[in-house]
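One-letter residues, chain by chain:
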Amino acid sequence: MTTSHRATARTRIGLVFLLIPALLVSMDLSVLFVAAPAIAEDLRPSGTQWLWMMDVYGFVMAGLLITMGALGDRIGRRRLLLAGAGLFGAASALLALASTPELFIAGRVLLGVAAATLAPSTLSLIRTMFTDPGQRRTAVGAWTVAFGGGAVAGPIIGGLLLEFWPWGSVFLINLPFMLLLLVAVPLLVPESRSPRTARFDVPGALLSMAAVLGLVLAVKRFAEDGPDPVALTALAVGAAALVVFVVRRRRAAHPLVDVALFGRPAFSAAVGANTVVSFAAAGLGLLTFTFLQTVHGLTPLFAALWALPTLVGTAAGATLAGVLAARVRPAVLMSAGLFTSAAGFAVVGSVGPDTALPVFLGGYTVVTLGVGVVATLANALVLATAPPDRAGAAAGISETSTELGGALGIAVLGTIATGIYRDTVRQELPGTEGAAAETVAGALAAAAELPEAAAGALLGTAFGAYTDGITTAALTGAGVMAAVAVAVAVGLRRLPPGTDSPGDHHPDDHTGSDPVADPRGDRDADRRPGQDARS
């Protein structure tokens, strides 16, 4: 049983400094959206090098999140956060000074390693700093807004910096914030670690990295090149590593991740919901910035400014989750959030090339409203349902689900949109080849070299084809969100309001008093709705 205490002013100030790395980690995923042309012009990478420059940060981070979360449980979450902040700053400096594609790729690898230490450390520290259920929900909601907002803030801040300084400035901006963390966190954030003195599970760490990296690489290769040998090999390696990782858990004395956590309905539903909302946010975000800059002719900076309401939607959703979670069952709240996002996708799925921009962005904002609700409650459930000594590993699982969902969203929705664009352009404009037949940006470049009439015909077809691709992808996203909403409503139907409150027992300790750890406790909880079984 855990005693809840109200957070002090020092704790609340410490939270502000934990939001900074959450914002920057997410921001560095999207900042290349606007910096990419300048970097490519300066460094002149090959096509293969350019793909690695864009993807390797997310690859490395996804592969290391679970490992770094578990490492923080053992050596100290604050210590890992500070080490990660130092490495994040050094990697940012290397990126800003990179003079070759090889150095840039090396910098993105190091940045991915550092990001993998920062994200689970901040989330697990919030779990130990805020024991009061209501305050924890508010803190996790703020973290969700910071992490989700970084994806929108990246292009905005990058666009502003590129108006006045070279592209290296988008990475140098990280340095003062990392220095601030190194100074302030030791003064404001208490150290926390697992009380167990178990050895670190090195084989489990290697298997988890192989599983995640293999599966993410397979998804990306399938989306880009279909079932080629690389994609099939990556899929086989990732799947095999995952199977061995799960089986080995039964024999390991101190496994990296206790798979029994997934026997908790709230934990499994939270991880699944995190994956789906990340699928939605990443997939639609990728398509949106291209749509705004090509079909609607906005500059990168103005495209990012137009997208600001989506950040407001995320914040509003997080606020709603914090206010309602103590009074509304998780099944109702999470399924409502998912259905809300599905409705937003449906609005996006109804637009045409000439539809007013506020209609498109209004639908997108409804999507992020639902995402804010679901992500906040999902992260709170992950933290509350995992035992305190595994908070870092649980946070790593949560963040890994986010990265996997993002990779799937970009791959699936992006592939749908790209396929429809190619088919439509080649059908309506036979003979169109090269970049114009592959992407709408290629069509824009090709149109600049054509006579006015031919350029108008090409752009009209290209804009219509790309819009059709987005609407089809959006309707696919609506169907996925609606299906998962039904599954979540069924899976969590017995959990009472306020389930995302702190607990401190081991997941295998089925006492029957905890509705999250043991479904048998749901019947007792149902007789006392609104009462927190852990209080």
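Residues numbered from 1 in each chain as written. Predicted model: local features only at pLDDT ≥ 70, side-chain atom pairs only at ≥ 80, totals over all residues. Heavy atoms only, no water.

Of regular secondary structure, the chain possesses 19 helices and zero strands. Among the 535 residues that make up the chain, the fraction classed as buried is 56%. Nonlocal contacts in the chain, meaning residues at least 24 apart in sequence, comprise 82% of its contacts between residues at least 6 apart. By element, 67% of the accessible surface of the chain is carried by carbon and sulfur atoms, the whole surface being about 20600 Å². (Helix = DSSP H or I, 4+ residues; strand = E, 2+ residues; numbered from the N terminus. Buried < 20%, exposed > 50% of the residue type's maximum accessible area, 1.4 Å probe, protein only. Contact = heavy atoms within 4.5 Å. Areas by Shrake-Rupley, 256 points an atom, 1.4 Å probe, with all protein chains shown as cover.)

Secondary-structure assignment places Thr368 in helix H15 (residues 357-385). From its side chain, Thr368 meets the backbone oxygen of Thr310 in a polar contact 2.9 Å long. Not counting chain neighbours up to four residues away, the residues in contact with Thr368 comprise Thr310, Gly313 and Thr314. (Polar contact = N/O pair within 3.5 Å; in protein donor to acceptor, adjacent residues only side chain to side chain.)

Before going further, it helps to spend a moment on the packing of aromatic side chains. Throughout the structure, instances matching the rule amount to five aromatic pairs. Between Phe104 and Phe171, the ring centres sit 5.9 Å apart and the planes meet at 75°, which makes this aromatic pair edge-to-face. Taken as a pair, Phe104 in helix H5 (residues 101-129) and Phe171 in helix H7 (residues 169-172) lie far apart in primary sequence, 67 residues in all. Overall, the relative accessible area of 0% leaves Phe104 in the buried class. Through successive ring pairs, a cluster of aromatic residues spans Phe104, Trp167 and Phe171. (Phe/Tyr/Trp six-rings, centres within 6.5 Å; stacked < 30°, edge-to-face > 60°.)

This part covers the environment of Pro166. Counting through the fold element by element, Pro166 comes out in the loop between helix H6 (133-162) and H7. Judged by its relative accessible area of 61%, Pro166 falls in the exposed class. For the pair Pro166 and Ala35, spaced 131 residues apart in sequence, the C-alpha to C-alpha distance is 9.3 Å.

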